[in-house]
Amino acid sequence: MDESRYCLTLACDSGPGQIAAVSARLAAHGAYVESLAAHDDAPSARFFVRAVFRRATPAGGPAARRAAEQALDEDFVALTRGFGHAACAVHDLARLPRVLIMVSKFDHCLRELLGGWRRGELPMQVVAVVSNHPDLAPLAEAEGLPWHHLPISPETKPQQEAALEALIERHDAEYVVLARYMQVLSDGLTKRLAGRVINIHHSFLPGFKGARPYLQAWERGVKLIGATAHFATGDLDEGPIIEQALERVDHADSAQRLQQVGRHVECLVLSRALRYVLERRVFMNGLRTVVLR
Ligand SMILES: Nc1nc2c(c(=O)[nH]1)N[C@@H](CN(C=O)c1ccc(C(=O)N[C@@H](CCC(=O)O)C(=O)O)cc1)CN2
């Protein structure tokens, strides 16, 4: 019997009986629950649930399967509407999230994401690569991916961002990954794309914000350097953190060596953070995140 796998995500105000209600409805739909994780965040009185379940695939091909996904989604949205400020969704895990990757001149994060995608470690559809420089076009073209060069200057930023937003629409991208894209997105754009833009910052935030954290770190004489993946907001380098990691350095390491070490940490952190997002494990909670791993 052919089966379909789904992921249910729920964020709502804390209250009694929510897990019981969700699991009873899953049973009513003939679902077999493979995993269930939940977190009750007492300081914010918010509750977060992620359930992966499988069920017999309906006959009738892709359209029937999509209809089944939508019916499940609508039913659980209706079930949880009374939970208080509820955000609930059911995703067919075979329908991979559509991701648009942005880059400037550094290629290490783009190569890491494309490698993870090709190896099947990052369950996504890469719909396009966008850059404010022409340099990395060959990387995208080698993968047969649409490439868009959108140069930018302080004078042309509004038009460039309008073109970017049109591309996100055209490619129906659910997520935008800033894979060392070195331009600050406007407050308006990040608000319209809230929770959908993932940035890799090349330091262990909140330390060393801005465009040149490795030089700052070297000047400070740090013994550990890191990287931070976070949702981008209008406040530069202030968005909710998804993942971080560190690596040891020492007095003998030049600023250039810190950058070399840092590249590996950036790749690890961004690919891990993106995988968590693609697997629907990440929930925004104010200026913080809940990651159900
Ligand atoms: N709205 C946001 N946009 C972006 C963020 C973010 O957190 N919110 N992060 C950056 C990436 N980044 C650090 O991680 C970063 C990139 C660029 C700069 C910066 O000062 N850029 C200069 C231009 C630099 C250049 O042209 O090379 C600028 O924009 O004037 C700071 C931090 C991606 N976007």
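Residues numbered from 1 in each chain as written. Predicted model: local features only at pLDDT ≥ 70, side-chain atom pairs only at ≥ 80, totals over all residues. Heavy atoms only, no water.

Per an unreviewed UniProt entry, the chain is named Formyltetrahydrofolate deformylase, and its organism is Sphaerotilus hippei. Listed under Function (unreviewed entry) in UniProt, the entry text for the chain is "Catalyzes the hydrolysis of 10-formyltetrahydrofolate (formyl-FH4) to formate and tetrahydrofolate (FH4)." As stated in UniProt under Pathway (unreviewed entry), the record for the chain gives "Purine metabolism; IMP biosynthesis via de novo pathway; formate from 10-formyl-5,6,7,8-tetrahydrofolate: step 1/1." (UniProt positions renumbered as here; feature names shortened; annotations may be inferred.)

Re the overall build of the chain
Of regular secondary structure, the chain possesses 8 helices and 13 strands. The C-alpha radius of gyration of the chain comes to 21 Å, within 12% of the 19 Å expected for a compact globule of 293 residues. The principal-axis extents of the C-alpha atoms in the chain amount to approximately 60 × 40 × 35 Å. Considering only intrachain contacts with a sequence separation of at least 6, the fraction spanning at least 24 residues in the chain is 67%. Surface summary for the chain: the accessible area is close to 13,900 Å², and the carbon and sulfur share equals 53%. Of note, the chain has its 34 positive side-chain charges centred 2 Å away from the centre of its 34 negative side-chain charges. (Helix = DSSP H or I, 4+ residues; strand = E, 2+ residues; numbered from the N terminus. Rg over C-alpha atoms; globule rule 2.2 N^0.38 Å. Contact = heavy atoms within 4.5 Å. Areas by Shrake-Rupley, 256 points an atom, 1.4 Å probe, with all protein chains shown as cover. Lys, Arg positive; Asp, Glu negative; His and termini not counted. Charge placed at Lys NZ, Arg CZ, Asp CG, Glu CD.)

Some details on unusual backbone geometry
What is expected of a backbone is that most residues other than glycine have negative phi and most peptide bonds are trans. Across the junction of Leu205 and Pro206, the peptide omega takes the value 15°, indicating a cis bond. Looking at the element boundaries, Pro206 is found in the loop between strand E9 (197-201) and helix H7 (213-220). Within the chain, Ala45 stands out as a residue other than glycine whose phi angle is a positive 50°. Along the polypeptide, Ala45 turns up in the loop between strand E2 (32-41) and strand E3 (46-56). Given the relative accessible area of 40%, Ala45 is considered partly exposed. (Buried < 20%, exposed > 50% of the residue type's maximum accessible area, 1.4 Å probe, protein only.)

Some details on the packing of helix H3 (residues 108-118) against helix H8 (residues 255-278)
When two helices pack together, their arrangement is given by the angle between the helix axes and by the axis-to-axis distance. Remark: H3 packs on H8, axes separated minimally by 9 Å, with the N-to-C direction vectors making an angle of 40°. What the angle tells us is that H3 and H8 run oblique. The two elements H3 and H8 meet at a crossing, and its hand is right-handed. Mapping the contact onto sequence places His108, Cys109, Glu112 and Leu113 in H3 and Arg263, Glu266, Cys267, Leu270, Ser271 and Leu274 in H8. In terms of residue class, the contact of H3 with H8 is made up of 5 nonpolar, 2 polar and 3 charged. (Axes fitted to C-alpha atoms, helices over the stretch in contact; angles between N-to-C directions. Parallel < 35°, antiparallel > 145°, perpendicular 65-115°, else oblique. Left-handed = near helix turned anticlockwise from the far one by under 90°. Nonpolar A, V, L, I, M, F, W, Y, C, P; charged D, E, K, R; others polar.)

What to know about the UniProt feature "active site" (unreviewed entry) in the chain
Following the UniProt record, the feature "active site" (unreviewed entry) maps to Asp237 here. Structurally, Asp237 can be placed in the loop between strand E10 (224-231) and strand E11 (241-248). Ignoring any residue separated from it by four or fewer positions in sequence, one finds Asp237 in contact with His201, Leu205, Lys209, Gly210 and His230. Of note is the side chain of Asp237, whose polar atom sits 3.3 Å from the side chain of His201. (Polar contact = N/O pair within 3.5 Å; in protein donor to acceptor, adjacent residues only side chain to side chain.)

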